[in-house]
Amino acid sequence: MGRAKGTSSETYHPEPMKASAEAPSELAVFRHGHQTLVLADCFEWLAHAGPNSISAVVTDPPYGLIEYQPDQQRKLRAGRGGVWRIPPSFDGANRRPLPRFTILTKTDREGIVIFFERWARLLHPIVRPGAHVAIAGNPLVSPLVASAMERAGFERRGEIVRLVRTFRGGDRPKGAEEEFPEISSMPRACWEPWGLYRKPIETKTLAENLRKWGTGGLRRVSEDTPFLDVIESGTAPDVEREIAPHPSLKPQAFLRKLVRGLLPRGDGIVLDPFAGCASTLAACEALGVEGIGLEIDPTYYELGRTAIPGLSAPLPLRSI
Ligand SMILES: C[S@@+](CC[C@H](N)C(=O)[O-])C[C@H]1O[C@@H](n2cnc3c(N)ncnc32)[C@H](O)[C@@H]1O
């Protein structure tokens with residue numbers, strides 16, 4: 001496993017893609033150490049990837065479906081309008097932009113199920129039997145993803161709770177905050193669910209699957225401690241945000257625990273189909289395992305290219 005260390009930028013046909021008339025023949029690709037970041041629409045890439053080639057998937061997908069569309073990204077980058085909640089700067093600090101999950105309509109919710117079922121059906125053949133898939137969500141949308149994943153043939157294996165205070169939706173009744181100052185419109189989330197799914201094992205026992213494919217179980221935290229479904233986590237620290245200023249950046253400390261846990265035998269290829277600025281790849285690099293990231297937006301792809309070396313440094317990143 002693994003390639004020679006070093007950083008290079010090139011245009012090539014990534015290894016797990018089968019030669020095919022429909023396969024995109026040229027994709028922008030960045031390599032650093034054991035990582036490969038590809039500028040690609042994951043739906044197209046997955047459709048041509050080699051069967052049973054991926055050992056684990058760790059990903060943080062878009063949910064509003066429109067938040068990462070080009071026109072919304074233009075508005076976000078201009079700091080004006082659009083679906084992103086861009087809090088005003090006050091008490092001298094600029095607030096980070098946040099996606100607005102609470103405005104999803106019934107049609108949006110149906111769209112999420114369709115989006116994830118299509119995605120999961122493309123993913124299913126390319127992951128190994130027993131491969132785990134961890135998908136970041138929030139309490140409002142994770143049940144929709146669960147139903148799509150199950151329909152595509154994945155088994156639900158629980159949920160990893162990332163203990164963190166992230167978005168702040170529906171804090172007070174809109175337009176009536178003064179009239180009902182003692183009322184919250186919904187609970188403030190103090191955790192982030194990561195749905196955990198598995199492609200069913202194809203052998204009689206887990207041990208056989210572990211021997212044949214290297215997948216099916218989760219790597220223990222230690223001899224005495226199994227992999228746990230609650231992981232304490234802050235938001236990404238400022239030093240990581242400076243290296244990788246993506247609005248949905250996930251912290252290295254959390255991602256490294258997840259990547260480690262999802263590779264029970266410590267090797268195999270980890271895929272992040274919605275790579276953002278390649279934080280999952282940075283976690284893979286820190287652990288010395290191979291990762292492939294797909295990112296559709298050229299700006300975030302460029303950010304990922306510059307971010308992987310810095311984000312993959314040993315924790316804490318204070319020395320960078
Ligand atoms: C929620 S963000 C992930 C950010 C990531 N957690 C990080 O730490 O950088 C989702 C990313 O998926 C990308 N994306 C959306 N649709 C995509 C697609 N069809 N193929 C590949 N990437 C896509 C977006 O541009 C966005 O950067």
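Residues numbered from 1 in each chain as written. Predicted model: local features only at pLDDT ≥ 70, side-chain atom pairs only at ≥ 80, totals over all residues. Heavy atoms only, no water.

With respect to the environment of V58
Phase 1: Relative to the assigned elements, V58 resides in strand 4 (residues 54-59).
Phase 2: The sequence separation of V58 and G293 amounts to 235 residues, and the corresponding C-alpha distance is 9.9 Å.
Phase 3: Sequence-distant contacts of V58, that is, excluding residues within four places in its chain, are made with A134, W194, L255, L258, V259, L262, V270, L271, D272 and T280. (Helix = DSSP H or I, 4+ residues; strand = E, 2+ residues; numbered from the N terminus. Contact = heavy atoms within 4.5 Å.)

Some details on the site of the ligand
Phase 1: Surrounding the ligand, one finds 23 residues, the nearest of these being C42, D60, H246, S279 and E295.
Phase 2: One nitrogen or oxygen atom from the main chain of K250 is found 3.1 Å from an oxygen atom belonging to the ligand.
Phase 3: Take S279: an N or O atom from its side chain is 2.6 Å from an oxygen atom of the ligand.
Phase 4: Protein coverage of the free-state accessible area of the ligand, which is 600 Å², stands at 95%.
Phase 5: For the shell around the ligand, the secondary structure elements donating two or more residues are helix 1 (42-48) and strand 10 (290-295).
Phase 6: Looking at the shell around the ligand residue by residue, the classes come out as 14 nonpolar, four polar and five charged. (Near = heavy atom within 4 Å. Polar contact = N/O pair within 3.5 Å; in protein donor to acceptor, adjacent residues only side chain to side chain. Areas by Shrake-Rupley, 256 points an atom, 1.4 Å probe, with all protein chains shown as cover. Nonpolar A, V, L, I, M, F, W, Y, C, P; charged D, E, K, R; others polar.)

Thoughts on helix 7 (residues 252-262)
Counting along an α-helix, one turn takes 3.6 residues, and residues three or four places apart therefore face a common direction.
Phase 1: Burial runs high along helix 7: eight of the eleven residues are buried.
Phase 2: Along helix 7, the positions that sit buried rather than exposed are Q252, F254, L255, R256, L258, V259, G261 and L262. (Buried < 20%, exposed > 50% of the residue type's maximum accessible area, 1.4 Å probe, protein only.)

Thoughts on empty space enclosed by the protein
Phase 1: Per the counting criterion, the structure on display carries one cavity of 30 Å³ or more.
Phase 2: Taken together, Y63, I135, A136, G137, S142, V145, G195 and Y197 make up the lining of the largest cavity.
Phase 3: Residue assignment for the lining of the largest cavity shows that the elements contributing at least two residues are strand 5 (127-136), helix 4 (142-151) and strand 7 (192-198).
Phase 4: Its residues placed into classes, the lining of the largest cavity shows five nonpolar, three polar and no charged. (1 Å grid on protein atoms, 1.4 Å probe; cavity = no way out; pocket = protein on both sides within 12 Å on 5 of 7 lines; lining within 4 Å. Points joined across faces, edges and corners; volume = space filled by probe spheres on them.)

Focus on the pairing of strand 4
Phase 1: Here strand 4 lies mainly inside the structure; six of its six residues are buried.
Phase 2: With five bridges connecting them, strand 4 and strand 5 associate as parallel partners. Bridging across to strand 5, A56 finds its partner in H132.
Phase 3: As paired strands, strand 4 and strand 9 (residues 269-272) are joined by two bridges and run parallel to one another. Across the sheet, the residue bridging to V57 is L271, located in strand 9. (Pairing = 2+ DSSP bridges.)

A few points about the environment of E155
Phase 1: Tracing the backbone shows E155 in strand 6 (residues 155-163).
Phase 2: According to the relative accessible area criterion, E155 is partly exposed, its value standing at 25%.
Phase 3: When the C-alpha positions of E155 and K199 are compared, they lie 6.3 Å apart, and in sequence the two are 44 residues distant.
Phase 4: When residues no more than four places from it in sequence are discounted, the contact partners of E155 are L196, Y197, R198, K199 and P200.
Phase 5: Engagement of the side chain of E155 in a polar contact is seen with the side chain of R198, the distance being 2.6 Å.

Brief notes about the pairing of strand 10
Phase 1: Burial analysis of strand 10 places six of its six residues in the buried class, which makes it a mostly covered element.
Phase 2: Burial of the side chains of strand 10 extends over both faces: E290, I292 and L294 are buried on one face and G291, G293 and E295 on the other.
Phase 3: As defined by bridge partners, strand 3 (residues 35-39) adjoins strand 10 across five bridges and the pair is classed as parallel. Counterpart to L37 in the pairing with strand 10 is G293.
Phase 4: In the sheet, strand 9 pairs with strand 10 via four bridges, with the strands oriented parallel. The residue of strand 10 that forms the bridge with I269 is E290.
Phase 5: The β-α-β motif built from strand 9, the intervening helix 8 (residues 279-287) and the parallel element strand 10 has right-handed crossover chirality. (Right-handed = clockwise from strand over helix to strand, strands pointing away.)

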